[in-house]
Amino acid sequence: MKLQPDRLDGVNAIFSTATDAVSVNNQTALEQWRSSVIVPWRGAVRAWPRSRVEDLQREDFDALLALEPELVIFGSGRTLRFVHPSITRGLIEARIGIECMDTAAACRTYNVLVSEGRRAVAALLIG
C-alpha cells in the first residue's frame, strides 16, 4: 500500500508498506527494508535486530532514547501485540510516549506525526 506521494524535506517518510517490507524515502522495490527497522524522523534509518515481540528486551527500546524522540510508534508486525511495560520502562521514565499498533497502522501514524513536525520514531517489526 502506497502511503506517501512525495518526500518531506529533511524528514524520513515511509513511502509504502507490505506484509513483508517497508519502503522509506521512496526506495525502489530492491531497496526496501525486508527486516525490522528503526525509522527516526531525521537521520539514518537502521536495521532493528528483532523480528518477534517475544524477543524484545528493554535494551531494544532504551537504545531509542539516544534519538531524543517525543514519541515512539511501535509496529508489532501483522497483528497488534503489546509489549510488557517493563520493556518500555526507560521510555516511560523519560516521559517519551509510546504507542503500540500493527506495523501497517504504525507506518501511517508515523507519517502523519512527522508531517506535523513531531519528533517521532517508528520501531517496526517486519517478517
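Keep in mind that this is a model prediction, so the values were computed, not measured. (Residues numbered from 1 in each chain as written. Predicted model: local features only at pLDDT ≥ 70, side-chain atom pairs only at ≥ 80, totals over all residues. Heavy atoms only, no water.)

### Overview of the pairing of strand β5 (residues 71-75)
Thinking step 1. With respect to burial, β5 is a largely interior element, five of its five residues being buried.
Thinking step 2. Burial along β5 is two-sided: Leu71, Ile73 and Gly75 and Val72 and Phe74, pointing in opposite directions, are all buried.
Thinking step 3. In terms of strand pairing, β5 meets strand β6 (residues 97-101) through five bridges, oriented parallel. Residue pairing in the sheet places phenylalanine 74 in a bridge with cysteine 100 of β6. (Buried < 20%, exposed > 50% of the residue type's maximum accessible area, 1.4 Å probe, protein only. Helix = DSSP H or I, 4+ residues; strand = E, 2+ residues; numbered from the N terminus. Pairing = 2+ DSSP bridges.)

### Quick look at the packing of aromatic side chains
Thinking step 1. Considering all chains together, one arrives at three aromatic pairs under this definition.
Thinking step 2. Taking 5.7 Å as the distance between ring centres and 85° as the angle between the ring planes, the aromatic pair formed by tryptophan 48 and phenylalanine 61 counts as edge-to-face. Here tryptophan 48 is found in the loop between β4 (46-47) and α1 (58-62), whereas its partner phenylalanine 61 is found in helix α1, with 13 residues between them in sequence.
Thinking step 3. Ring geometry for tryptophan 48 versus phenylalanine 74: centroids 6.2 Å apart, planes at 80°, classification edge-to-face. Of this pair, tryptophan 48 sits in the loop between β4 and α1 while phenylalanine 74 is found in strand β5, placing the two residues 26 residues apart along the sequence. (Phe/Tyr/Trp six-rings, centres within 6.5 Å; stacked < 30°, edge-to-face > 60°.)

### Side note on the sheet that holds strand β7 (residues 120-124)
Think of a sheet as strands paired side by side through backbone hydrogen bonds, with each pair either parallel or antiparallel.
Thinking step 1. With mixed pairing, the five strands of this open sheet are ordered in space as β4-β3-β7-β5-β6. Each having just a single partner strand, β4 and β6 make up the two edges of the open sheet.
Thinking step 2. Pairing of strand β3 (residues 37-40) with β4, which is carried by two bridges, proceeds in the antiparallel orientation. Within β4, the position partnered with isoleucine 38 by the bridge is arginine 46.
Thinking step 3. Where helix α3 (residues 103-115) meets the sheet, it contacts β3, β5, β6 and β7, and its direction lies at approximately 165° from that of β7. (Contact = heavy atoms within 4.5 Å. Axes fitted to C-alpha atoms, helices over the stretch in contact; angles between N-to-C directions.)

### Section: the pattern of salt bridges
Thinking step 1. Summed over the entire model, instances satisfying the criterion amount to eight salt bridges.
Thinking step 2. Where arginine 52 meets glutamate 54, a salt bridge forms, and the shortest distance between an N and an O atom there is 3.9 Å.
Thinking step 3. By relative accessible area, arginine 52 is classed as partly exposed at 43%.
Thinking step 4. Salt-bridge contacts for glutamate 70 lead to arginine 118; the nearest nitrogen and oxygen are separated by 2.7 Å. Of this pair, glutamate 70 sits in the loop between α1 and β5 while arginine 118 sits in the loop between α3 and β7, and the two are 48 residues apart along the sequence. (Salt bridge = Lys/Arg side-chain N within 4 Å of Asp/Glu carboxyl O.)

### Comments concerning the nonpolar core
Most often, soluble globular proteins have nonpolar side chains that are buried together.
Thinking step 1. The biggest cluster of nonpolar side chains holds 37 residues, and the ones touching the most others in it are Phe61, Phe74 and Leu124.
Thinking step 2. Counting only elements with at least two residues in this core, the list comes to β2 (21-24), β3, β5, β6, α3 and β7.
Thinking step 3. Take this core: its biggest share by element is six residues, from α3.
Thinking step 4. In contact with leucine 124, other than residues within four places in its own chain, are Ile14, Val22, Ser36, Val37, Val39, Trp48, Gly75, Thr103, Ala106 and Cys107. (Core = buried A, V, L, I, M, F, W, Y, C linked by side-chain atoms within 4.5 Å.)

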